[in-house]
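Structure assessment
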Amino acid sequence: MRTTTSFSSSDQDVANAAWAGYKVNGFVALPHSWVSDLTRGKGPFGRAMPNDSSKGIYVVDGMHQLHCLMSIRNMVQRILSDEPMQNRTHIQRHLDHCYDALRQAIICRADPTPLYMPPGDSFFSGDGQERECADWQALAAWSLQHTACYGGVECWADEETGIIYPPFHDEGMIEGSRQKRDD
């Protein structure tokens, strides 16, 4: 883990380009039978996929968490640049949801790894410390293989983030427009 990466660059063009690299939406369509086996029949089961009732719609948790982090970053960037905002009620509701979703994820998966404190006045704990991480690219590939954007389901892209959403996502909370996605 590194304290300073392209994602935390003081050059906002570099940081924005790094964050813009995340495009996978994490909305997946999974067979109800697979989820039943995974949860030993306890569910919960996602709403039925349009045009394929044998599958339910789910969001991959790690991708939802990244979406929340990106949404918070986007709002902070807009506030810092004094950009006017509309739909404040939706923005507030979405951010409150994201704060709590991230809080719950952190509490649920609290990592007990001790992060060293470097000598001197630095407060960047754990900088350069080796960590074992999940394979994000494998998760992204799996999500794309099971995307909920298929079989006549027209998805749309948020213009600011490039994240692709299926039509059943609550657009009122997203500042973006619909764009047809054929792939």
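Residues numbered from 1 in each chain as written. Predicted model: local features only at pLDDT ≥ 70, side-chain atom pairs only at ≥ 80, totals over all residues. Heavy atoms only, no water.

Observations regarding the overall build of the chain
Per the secondary structure count, the chain includes five helices and five strands. Written out in order from the N terminus, the α and β elements of the chain read α-β-α-β-β-α-α-α-β-β. Scored against the burial criterion, the 183 residues of the chain give a buried share of 32%. Of the contacts made within the chain by residues no fewer than 6 positions apart, 59% connect residues no fewer than 24 positions apart. Counting only carbon and sulfur atoms, one obtains 55% of the accessible surface of the chain, whose full area is about 11900 Å². (Helix = DSSP H or I, 4+ residues; strand = E, 2+ residues; numbered from the N terminus. Buried < 20%, exposed > 50% of the residue type's maximum accessible area, 1.4 Å probe, protein only. Contact = heavy atoms within 4.5 Å. Areas by Shrake-Rupley, 256 points an atom, 1.4 Å probe, with all protein chains shown as cover.)

Some remarks on the packing of helix H1 (residues 12-20) against helix H3 (residues 61-80)
Working note: a packed helix pair is described by the angle between its axes plus the distance between those axes. Contact geometry of H1 with H3 gives a least axis separation of 12 Å together with a crossing angle of 155 degrees. Taken together, the axes of H1 and H3 are roughly antiparallel relative to one another. Crossing geometry of H1 relative to H3 is assigned as left-handed. Of the residues in H3, those in contact with Gln12, Ala15, Asn16 and Trp19 of H1 are Leu66, Leu69, Met70, Arg73 and Gln77. Looking at the contact of H1 with H3 residue by residue, the class counts come to five nonpolar, three polar and one charged. (Axes fitted to C-alpha atoms, helices over the stretch in contact; angles between N-to-C directions. Parallel < 35°, antiparallel > 145°, perpendicular 65-115°, else oblique. Left-handed = near helix turned anticlockwise from the far one by under 90°. Nonpolar A, V, L, I, M, F, W, Y, C, P; charged D, E, K, R; others polar.)

Some points on the sheet that holds strand E3 (residues 52-59)
Reading across the sheet, the three strands line up as E1-E3-E2 and stay open at both edges, with antiparallel pairing between neighbours. Among the strands making up the open sheet, the edge pair consists of strand E1 (27-31) and strand E2 (48-49). Where E2 lies against E3, two bridges are found, and the strand directions are antiparallel. Paired with Met49 across the bridge in E3 is Asp52. (Pairing = 2+ DSSP bridges.)

Re H3
Between the first and last C-alpha of H3 there are 29 Å, a value that for 20 residues agrees with the 28 Å anticipated at 1.5 Å per step. Among the residues making up H3, those that are buried are Met63, Gln65, Leu66, His67, Cys68, Met70, Ser71, Ile72, Asn74, Met75 and Arg78. (Expected span 1.5 Å × (residues − 1).)

A word on the state of the cysteines
By definition, a disulfide links the sulfur atoms of two cysteines through a covalent bond. Per the counting criterion, the structure on display carries one disulfide. Each disulfide pairs two cysteine sulfurs, and for Cys68 the partner residue is Cys98, the sulfurs being separated by 2.4 Å. Where Cys68 bonds to Cys98 through sulfur, the torsion about that S-S bond is close to -70 degrees, and the disulfide is left-handed. Remark: Cys98 occurs in helix H4 (residues 88-108) and Cys68 occurs in helix H3; sequence separation between them is 30 residues. Of the two residues, Cys68 and Cys98, both sit in the buried class. (Disulfide = S-S within 2.5 Å.)

Notes on the confidence of the model for the chain
With 81% of its residues at a pLDDT of 70 or more, the chain shows a mean pLDDT of 81. For the chain, the element scoring lowest by mean pLDDT is strand E5 (residues 164-165), at 65; H4 scores highest, at 93. With pLDDT under 50 throughout, residues 170-183 is counted as low confidence; its partners more than four residues away or in other chains account for 35 contacts. (pLDDT = per-residue confidence, 0-100.)

Regarding the pairing of E3
With five bridges connecting them, E1 and E3 associate as antiparallel partners. Its bridge partner lying in E3, Ala29 is registered against Ile57. Where E2 folds back onto E3 in an antiparallel hairpin, the turn is made up of two residues, including Asn51, whose phi is positive at roughly 70 degrees.

Details of the side chain of Ser9
One can find Ser9 in the segment before H1. Residue classification places Ser9 among the buried residues on the basis of a relative accessible area of 18%. Engagement of the side chain of Ser9 in a polar contact is seen with the backbone nitrogen of Asp11, the distance being 3.0 Å. Not counting the four nearest positions on each side in its chain, Ser9 is found in contact with Val14 and Ala15. (Polar contact = N/O pair within 3.5 Å; in protein donor to acceptor, adjacent residues only side chain to side chain.)

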